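A look at the structure
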Amino acid sequence: MVPLTPLQLGGSLPLTIVAVLLVALAAVTVYQMVEIVDAYEKKALTVFGEYRGLLEPGINFIPPFVSRTYTFDMRTQTIDVPRQEAITRDNSPVTADAVVYIRVMNAKRAFLEVDDYKRAVSNLAQTTLRAVIGDMELDDTLNKRQEINARIRKELDEPTDEWGIRVESVEVREVNPSKDVQQAMEQQTSAERKRRAMILEAQGERQSAIEEAQGAKQSDIIRAQGQKQSQVLEAQGDAVSTVLRAKSAESMGERAVIERGMEAIERMGESESTTFVLPQELTSLVGRYGKHLTDSDVATQAEGLDSLDFDEETRELLGLDSIDELLNEISEEADVDPEKLEQQAEEVMAGQDTGATETDQVIEEMDAEFEGGDTGSASPAETSGSTTPDATDDAETETERS
């Protein structure tokens, strides 16, 4: 093997370096030519500063060394709006912050129309938030969050559309008044709660008093109804007792008259005179008594001395034909229903008619019957004397024979 001389070694080294440089240059060139875009991105391509278009997701080949790309995220992005100080329309200082949700809809316009779309949207949201709060009163800023969100979004829509950005939502996170205002609001809330508590307590006491008064009133009404019903039943009982006594007098009155008449005849028999003038009533009674003693054909069906019946007018005055009905009515009316009385009491409280007129009418009818009974029971003998003319003739015949 022949060794290389120094001159030969100096000639091969530059060739090796050049080859290495060429390989490195080729690798850099390939790297510059290939651009990989993610699925959720788009990239704007410029060559020598000139806009050439948007690179879609995947592998893209671009001119090496003279091209630049700008990445745009096509997903929904969140932008925090820094805390802002504002003064409401009623001169109350507040601080507020918000969150804005945006999405790039046109990457070309977002690249060409605005320098930094995120910063632009954030600054625009800050100024809009202060303006909206300044147009509202303090109470509205605390209560109408949805209205604030809608107004901010509406104000952001027009300029962001020109940038190729869509504002999807705006949410105000906090609206805090100053410490002095917060203390005043707390005192106001405390006073309002105390006022409501006092009102509720007063209403409770008033309702309790009303319920107690209504209960006492209802109890008095039921007690009065019971007393009235008791008085009605007592009056009806007295009337029935009177009618029963009259009925008993009807059966016993004529027998007593006959006995008195027989005593009078006996005394006349002891007299020396042979001519006597007898009243029609007495002769009638004697005739009936003689028929009973002789067992004549006129009184074949008689088993004893029966009393004469009252005529229809007298029985109607005494109410003898309605004794059973009256007893049944008293028995039915004696059954007092507490639930019915309570219902009548509620109707009285409501201003309705409870049927008191019907009870008064019953009392008046019983009084009329009572007066009629007293009038009719005084003349049983007179009535009986005029009902048997045949018996009177027979009694006169028997007297002449004797």
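Criteria and cut-off values
Residue positions are counted from 1 within each chain, in the order its sequence is given. Local features in a predicted model are, by the rule used here, given only for residues with pLDDT of at least 70; side-chain atom pairs are given and counted only at 80 or more, and totals for whole chains, interfaces and linings are based on all residues. As a rule here, side-chain values come from all non-hydrogen atoms in the structure, and water together with hydrogens is ignored. Runs of H or I in DSSP of at least four residues are treated as helices and runs of E of at least two as strands, each being numbered from the N terminus. Expected span, for any helix, means 1.5 Å times one less than how many residues it has. Fitting axes to the seven residues ending at a residue and to the seven starting there, one defines the bend at that residue as the angle between these axes. Only protein chains enter the accessibility calculation, which uses a 1.4 Å probe. A residue is then buried if its area is under 20% of the maximum for its type, exposed if over 50%, and partly exposed in between. Contacts between residues were defined by any pair of non-hydrogen atoms, one from each residue, lying within 4.5 Å. At least two bridges found by DSSP between two strands are what make those strands a pair. Each axis is a line fitted through C-alpha atoms, and for a helix only the stretch in contact is used; angles between axes span 0 to 180 degrees, taken between their N-to-C directions. In these notes the angle categories are as follows: under 35 degrees is roughly parallel, over 145 is roughly antiparallel, 65 to 115 is roughly perpendicular, and the rest is oblique. Helix crossings are classified by the rotation of the near helix relative to the far one: an anticlockwise turn of less than a right angle makes the crossing left-handed, while a clockwise turn makes it right-handed. Amino acid classes used here: Ala, Val, Leu, Ile, Met, Phe, Trp, Tyr, Cys and Pro are nonpolar; Asp, Glu, Lys and Arg are charged; the rest, including Gly, are polar. Grouping into patches uses exposed residues only, defined as over 30% relative accessible area, and leaves out salt-bridged ones; the cut-off is 9 Å for like charges and 5 Å for nonpolar side chains (Val, Leu, Ile, Met, Phe, Trp, Tyr). Areas reported here follow the Shrake-Rupley algorithm with a probe of radius 1.4 Å; residue values treat only the protein chains shown as occluding. Salt bridge, as applied in this entry: a Lys or Arg side-chain nitrogen positioned within 4 Å of an Asp or Glu carboxyl oxygen. When two rings of Phe, Tyr or Trp (its six-membered ring) have centres within 6.5 Å they constitute a pair, described as stacked for plane angles under 30 degrees, edge-to-face for angles over 60, and tilted for the intermediate range. To sit over a ring, a charge needs its Lys NZ or Arg CZ within 6 Å of the ring centre and within 35 degrees of the ring normal. Throughout this description, the term nonpolar core refers to a set of buried Ala, Val, Leu, Ile, Met, Phe, Trp, Tyr and Cys residues connected via side-chain atoms within 4.5 Å.

**Examining helix H5 (residues 145–162)**
Over its 18 residues, H5 extends 27 Å from the first C-alpha to the last, a length consistent with the 26 Å expected when each residue adds 1.5 Å. Remark: the principal bend of H5, roughly 30 degrees, maps to leucine 156, with a proline, proline 159, within the next four residues. Taken together, the buried positions of H5 are Ile148, Asn149, Ile152, Leu156 and Thr160. Buried residues in H5 make contact with strand S7 (93–104), helix H3 (117–134), helix H4 (138–143) and strand S8 (165–177).

**What about the pairing of strand S1 (residues 34–37)?**
Every other side chain in a regular strand lies on the same face of the sheet, so the side chains alternate between the two faces. In S1, alternate side chains face the same way, and those of Glu35 and Val37 are buried while those of Val34 and Ile36 on the opposite face are not. The pairing of S1 with strand S4 (residues 58–61) spans four bridges and is classified as antiparallel. Bridged to valine 37 within S4 is glycine 58.

**Digging into the packing of H3 against H5**
One way to put it is that H3 packs onto H5 with a least axis distance of 10 Å and a crossing angle of 140 degrees. If you check the angle between H3 and H5, you find them oblique. Seen from above, H3 lies across H5 with right-handed handedness. Judged by residue contacts, Val121, Leu124, Ala125, Thr128, Leu129 and Val132 of H3 engage Ile148, Arg151, Ile152, Glu155, Leu156, Pro159 and Thr160 from H5. For the contact of H3 with H5, a count of residues per class yields nine nonpolar, two polar and two charged.

**Details of the sheet that holds S8**
What the three strands build is an open sheet, ordered S6-S7-S8; its pairing is antiparallel. In this open sheet, the two edge strands, each paired with only one partner strand, are strand S6 (77–87) and S8. This sheet shows a mean twist of 20 degrees between the axes of neighbouring strands, independent of strand direction. Pairing geometry for S7 and S8, over 11 bridges, is antiparallel. The residue bridging tyrosine 101 from the neighbouring strand is serine 169, located in S8. This element, H3, spans S6, S7 and S8 of the sheet and lies at about 35 degrees to S6.

**Some points on a nonpolar patch on the surface**
A grouping of Met33, Ile36, Ile59 and Phe61 is seen on the molecular surface, where their side chains present a nonpolar patch of about 450 Å² in accessible area. As for its placement among the helices and strands, isoleucine 36 is situated in strand S1.

**Structural notes on the packing of aromatic side chains**
In the structure shown here, the tally under the stated rule is four aromatic pairs. Taken together, Tyr51, Tyr70, Phe72, Phe111 and Tyr117 form an aromatic cluster joined through their ring pairs. Over the ring of tyrosine 40 we find arginine 75; its NZ or CZ atom is 3.9 Å from the centre of that ring.

**Focus on the nonpolar core**
One finds Val100, Ile102, Leu129 and Ile152 to be the most contacted residues of the largest nonpolar core, which totals 35 residues. Of all the secondary-structure elements, those providing two or more residues to this core are S6, S7, helix H2 (107–112), H3, H5 and S8. A total of seven residues in this core trace back to one element, the largest contributor, which is H3. In this view, isoleucine 152 contacts Thr128, Leu129, Val132, Val170 and Val172; residues no more than four positions away in its chain are not counted. Within the second largest apolar cluster, five residues are counted, among which are Leu45, Val47, Leu55 and Ile62.

**Some points on the pattern of salt bridges**
Summed over the entire model, instances satisfying the criterion amount to 14 salt bridges. Put simply, arginine 83 and aspartate 97 hold a salt bridge, and the shortest N to O gap is 3.9 Å. Here arginine 83, found in strand S6, pairs with aspartate 97, found in strand S7; they are 14 residues apart in sequence, far enough to count as distant. Members of the salt-bridge network, linked through shared partners, are Arg83, Asp97, Arg173 and Glu174.

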